[in-house]
Amino acid sequence: MELPQPTTTVLSPAVRTRVDRMLEEAAERQARRYPGAPTSRQPVHSVYVPAHQVDRDLVRDWAAAAERSVARAGGIEHLLAVHGLIDDADERSAVGELVLAKLRREPIEDLRIDFEDGYGAVADETEDAAVDGAVETIDALRQDAQLPPFVGIRFKSLEPPTKARGLRTLERFVAGLAALGPLPAGLVLTLPKVTSVAQVEAMVLVLTELESALGLPDRLEFEIQVETPQAILGPDGVSLLPQMIAAGDGRITGMPYGTYDYSAALGIAAGDQSMAHPAADFAKAVMQVAAAGTAVRLSDGSTNVLPIGSADEVDAAWALHGRLVSRSLHNGFYQGWDLHPAQLPSRFAATYAYFRRGLPELARRLAAYLGDGGGAILDEPATARAMAAFLLRGIDCGAVGPEEVPFPDTALRGIVANGPK
């Protein structure tokens, strides 16, 4: 029996037109709100240094102190053994050499000069002088070819008690840098303790005015530090983070998590405050969902257990730091805070171990996906993008040499931006 032919003209032209218009408008909104993952470099850490401790020798001093901490402990092999992240002796030796080379070449990837908690409340004249000193330091580091790829300040929050001082520091800092020439390419401005969408809107207004008044050629960008419960859950029971990102008008580049302010605000005892606390995991899971696809990058927080003191105390602190850095990486947080020079070798060792451990398999899988699709794992396009991003992060931080990856970094960035072809 011959089956009836399906009718193909049930929908009227008017309905089709309305559907097209509805979906086009939705697609445009979606594209503006979720531009996709950025392909530029993300630092593996932010080094927070109180403003009064910053000078033109800071980068060299931190590098030298980091190397001394390793030498006092018995060498880089000892640190790697404390971490316990690399079983193969040859690979452990290779990672050790890479870490030492990193400390000599680029010990700080992202320097944040702190005018907030690490600096404290001082007289206005004192902070003004420290702001001027920060500007002079950045200029001196640039002249000495010591300026980290990313640099900036954390100023005081826009909460009522500190609003005026925070804005005064921000204005003086940006104006001071602009007077010396082009702003650093990796300039980062950190807005802490954000509790409302209005604070983000105010920040956008301030930056717009600074650009106009100073004749800046590029848009100023900033990151919002997530360290208050109000940011995670607003008074109506809805997270404010997506609204904050939207209010940022494309200027928000990152959201670092503030371990101790957030934990304390929840009433968690000092001895239990940690990046690995379940409350921290909940906050960071909300951050991940809110930031996914928005081009806003995430950063984990810090540990205040420093590798100083007796040999046993140093080993315990390094072991903790290695576990926390590795945990963050496995959870999709590729950046964190470091507060002391002796944390630098630990940060790079754990980070390099992570990226090198996955290197051979992911390189093979991505090559198979882009080639004939052979192999024991059937990867999806989204996974191919994630593999390309992983390899690219490894190259950017120095864990992986470009010669170890069968793709140029330009090809990897193209896959991250546009998907595999």
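This one's a predicted model, so the numbers in the text were calculated from it and none came from an experiment. (Residues numbered from 1 in each chain as written. Predicted model: local features only at pLDDT ≥ 70, side-chain atom pairs only at ≥ 80, totals over all residues. Heavy atoms only, no water.)

J.: Any chance you could explain the packing of aromatic side chains here in plain terms?
T.: Both the distance between ring centres and the angle between the ring planes are used here to describe each pair of aromatic rings. Under the defined criterion, the tally for this structure stands at eight aromatic pairs. When the ring of Phe115 is compared with that of Tyr119, the centres are 5.5 Å apart and the planes differ by 65 degrees; the resulting orientation is edge-to-face. Of the two residues, Phe115 and Tyr119, both sit in the buried class. Here the aromatic cluster, defined as three or more aromatic residues joined through ring pairs, consists of Tyr334, Tyr354, Phe355 and Phe390. Residue placement shows Arg33 over the ring face of Tyr34; its charged tip is 4.9 Å from the ring centre. (Phe/Tyr/Trp six-rings, centres within 6.5 Å; stacked < 30°, edge-to-face > 60°. Buried < 20%, exposed > 50% of the residue type's maximum accessible area, 1.4 Å probe, protein only. Lys NZ or Arg CZ within 6 Å of the ring centre and 35° of its normal.)

J.: Would you explain the side chain of Ser263 in this entry?
T.: Among the secondary structure elements, Ser263 is positioned in helix α10 (residues 259-265). One polar contact links the side chain of Ser263 to the main-chain carbonyl oxygen of Thr259, over a distance of 2.7 Å. Residue contacts for Ser263: discarding those within four places in its chain leaves Tyr257, Ile268, Gln273 and Ser274. (Helix = DSSP H or I, 4+ residues; strand = E, 2+ residues; numbered from the N terminus. Polar contact = N/O pair within 3.5 Å; in protein donor to acceptor, adjacent residues only side chain to side chain. Contact = heavy atoms within 4.5 Å.)

J.: Just checking my understanding: could you explain the side chain of Glu223 for this structure?
T.: Mapped onto the fold, Glu223 is located in strand β5 (residues 222-224). Side-chain polar atoms of Glu223 contact the side chain of Arg112, separated by 3.3 Å. Residues in contact with Glu223, not counting those within four places in the same chain, are Tyr48, Arg112, Val188, Leu189, Thr190, Leu191, Thr253, Gly254 and Pro256.

J.: Even after reading the chapter, I still don't get the nonpolar core, so can you show me in this structure?
T.: As a rule of thumb, soluble globular proteins bury nonpolar side chains together. Counting 101 residues, the largest nonpolar core has Phe173, Leu189, Phe222, Leu241 and Met255 as its most contacted members. Not counting chain neighbours up to four residues away, the residues in contact with Leu189 comprise Ile153, Phe155, Leu170, Phe173, Val174, Met203, Leu207, Glu221, Phe222 and Glu223. (Core = buried A, V, L, I, M, F, W, Y, C linked by side-chain atoms within 4.5 Å.)

J.: I tried to follow unusual backbone geometry on my own but got confused; where do I start?
T.: With the exception of glycine, most residues fall at negative phi, and the peptide bonds are largely trans. Phi at Ala145 takes a positive value of approximately 60 degrees, unusual for a residue other than glycine. Exposure remark for Ala145: the relative accessible area of 67% places this residue in the exposed category. The backbone phi angle of Lys193 is positive, close to 50 degrees, even though this residue is not glycine. Position of Lys193 among the secondary structure elements: in the loop between β4 (187-191) and α7 (197-214).

J.: Hey, could you run me through the pattern of salt bridges in this one?
T.: Between side chains of opposite charge, pairing is possible as soon as their charged atoms come close. A full pass over the atoms with the stated rule returns 34 salt bridges. Between Asp110 and Arg112 there is a salt bridge, and its shortest N-O distance comes to 2.8 Å. In this structure, Lys193 engages Glu116 in a salt bridge whose closest nitrogen and oxygen atoms are separated by 2.4 Å. In this pair, Lys193 is assigned in the loop between β4 and α7 and Glu116 in the loop between β2 (110-114) and α5 (124-143), connecting sequence segments 77 residues apart. Each member of the pair, Lys193 as well as Glu116, is classed as buried. It is possible to trace a salt-bridge network through shared partners that takes in Asp124, Glu127, Asp128, Asp132, Lys156, Arg165, Arg168 and Arg172. (Salt bridge = Lys/Arg side-chain N within 4 Å of Asp/Glu carboxyl O.)

J.: I would appreciate a short explanation of helix α12 (residues 311-330) in the present structure.
T.: Every α-helix carries 3.6 residues per turn, so stepping three or four residues along brings you back to the same face. The end-to-end C-alpha separation of α12 is 28 Å, in line with the 28 Å expected for 20 residues at 1.5 Å each. Turning to α12, its buried residues are Val314, Asp315, Ala317, Trp318, Ala319, His321, Gly322, Leu324, Val325, Ser326, Ser328 and Leu329. Packed against the buried residues of α12 are α2 (58-73), α3 (76-83), β8 (336-338) and α13 (343-357). Just past α12, the residue Gly332 takes up positive phi, approximately 90 degrees. (Expected span 1.5 Å × (residues − 1).)

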